[in-house]
Amino acid sequence: MWAPIAQTWSDYRGGDTQALIDAAAPDPSDTAGNASSENGNAVYTAVECTDAKWPTSWQRWDRDNTRLHRDNPFMTWANAWMNLPCATWPVKQQTPLDVRTGKGLPPVLIVQSTRDAATPYAGAVELHKRFKGSRLITEKDAGSHGVTGLVNPCVNERVDTYLLTGRTDRRDVTCAPHATPTP
């Protein structure tokens, strides 16, 4: 997404205000006419809103996301708006399950960047503690929400090996951040 976003801002800086307006407009492919996209959003919201307890107070949402935004500015508010329906979701919010690995299960591989606002790093560390024997791949000083399958060979080679063979490294791994585009 870097290239199209950069092009939009470049066009805007060059005097084309319509480029920024068009980028902020609703995506016509994400409408009721596109049932798969609409269904995907509905399922995401239903799962997110009932999987765990969410704050119901706007003051808490604002306070928490303002604090999170200081260190993770890229996705914080976009993620907050996407999940805000959970504050008033009409279905009972659940208590999260205490999930642990059992005998005979394959090792668990967790991949996380340290500056992801949508799924903060502390959550990956906590999950790693709960899944005894799991391996954590950390993309240090990176802020992407989607870490795998992008442009970091250190991450991709390990994830590919895990998916193809079930094998993980003997220890947790810290990878340098993926390359960012040159302006």
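Below you will find a few notes about this structure. (Residues numbered from 1 in each chain as written. Predicted model: local features only at pLDDT ≥ 70, side-chain atom pairs only at ≥ 80, totals over all residues. Heavy atoms only, no water.)

1. Section: helix 7 (residues 153–165)
Residues lying three or four places apart along an α-helix face the same way, a consequence of the helix completing one turn every 3.6 residues.
Step number 1: Here helix 7 is 13 residues long and its end C-alpha atoms lie 17 Å apart, about the 18 Å a rise of 1.5 Å per residue gives.
Step number 2: Residues of helix 7 that are buried: Val155, Asn156, Val159 and Tyr162. Summarising the axial view, the buried residues of helix 7 lie within an arc of 135 degrees, below the 170-degree limit, and thus occupy one face. In helix 7, the exposed positions that point more than 90 degrees away from the buried face belong to Glu157 and Leu164.
Step number 3: Against the buried residues of helix 7 lie strand 1 (109–113), strand 2 (135–139) and strand 3 (173–175).
Step number 4: The opening residue of helix 7, the one whose side-chain oxygen lies 3.0 Å from the backbone nitrogen of Cys154, is Asn152.
Step number 5: Looking one or two places after helix 7, you find Gly166, whose phi comes out positive at around 85 degrees. (Helix = DSSP H or I, 4+ residues; strand = E, 2+ residues; numbered from the N terminus. Expected span 1.5 Å × (residues − 1). Buried < 20%, exposed > 50% of the residue type's maximum accessible area, 1.4 Å probe, protein only. Arc of directions from axis to C-beta. Contact = heavy atoms within 4.5 Å. Polar contact = N/O pair within 3.5 Å; in protein donor to acceptor, adjacent residues only side chain to side chain.)

2. What about the state of the cysteines?
Step number 1: Applying the stated criterion across every chain yields a total of two disulfides.
Step number 2: A sulfur-sulfur distance of 2.0 Å marks the disulfide that ties Cys154 to Cys175. Across the S-S bond of Cys154 and Cys175 the torsion is about -70 degrees, and the bridge reads as left-handed. Of this pair, Cys154 sits in helix 7 while Cys175 sits in strand 3, placing them 21 residues apart in sequence.
Step number 3: Given a relative accessible area of 2%, Cys175 falls into the buried group.
Step number 4: When the bonded cysteines of the protein chain are numbered from the N-terminus onward, they pair as 1-2, 3-4. (Disulfide = S-S within 2.5 Å.)

3. Comments concerning the nonpolar core
Step number 1: Leu109, Ile137, Val147, Val155, Val159, Tyr162, Val173 and Cys175 together form the largest nonpolar core, which totals eight residues.
Step number 2: Mapped onto this core, the elements with two or more residues apiece are helix 7 and strand 3.
Step number 3: The element that contributes the greatest number of residues to this core is helix 7, accounting for three residues.
Step number 4: When near neighbours in sequence (up to four residues on either side) are disregarded, Tyr162 contacts Pro107, Val108, Leu109, Arg167 and Thr168. (Core = buried A, V, L, I, M, F, W, Y, C linked by side-chain atoms within 4.5 Å.)

4. Looking at the side chain of Asn152
Step number 1: Turning to its location among the elements, Asn152 is positioned in the loop between strand 2 and helix 7.
Step number 2: Residue contacts for Asn152: discarding those within four places in its chain leaves Glu139, Cys175, Ala176, Pro177 and His178.

5. Topic: the packing of helix 1 (residues 2–13) against helix 2 (residues 17–24)
Step number 1: Contact geometry of helix 1 with helix 2 gives a least axis separation of 6 Å together with a crossing angle of 145 degrees. The residues of helix 2 that touch helix 1, namely those facing Thr8, Trp9, Asp11 and Tyr12, are Thr17, Ala19, Leu20 and Ala23.
Step number 2: Grouping the amino acids of the contact of helix 1 with helix 2 by side-chain chemistry returns five nonpolar, two polar and one charged. (Axes fitted to C-alpha atoms, helices over the stretch in contact; angles between N-to-C directions. Nonpolar A, V, L, I, M, F, W, Y, C, P; charged D, E, K, R; others polar.)

6. Concerning the sheet that holds strand 3
Step number 1: With respect to topology, three strands assemble into an open sheet ordered 1-2-3, the strand pairing being parallel. Among the strands making up the open sheet, the edge pair consists of strand 1 and strand 3. Geometrically, the sheet is characterised by an average inter-axis angle of 15 degrees between neighbouring strands, direction not taken into account.
Step number 2: Pairing geometry for strand 1 and strand 2, over five bridges, is parallel. The partner of Leu109 across the bridge, within strand 2, is Arg135. (Pairing = 2+ DSSP bridges.)

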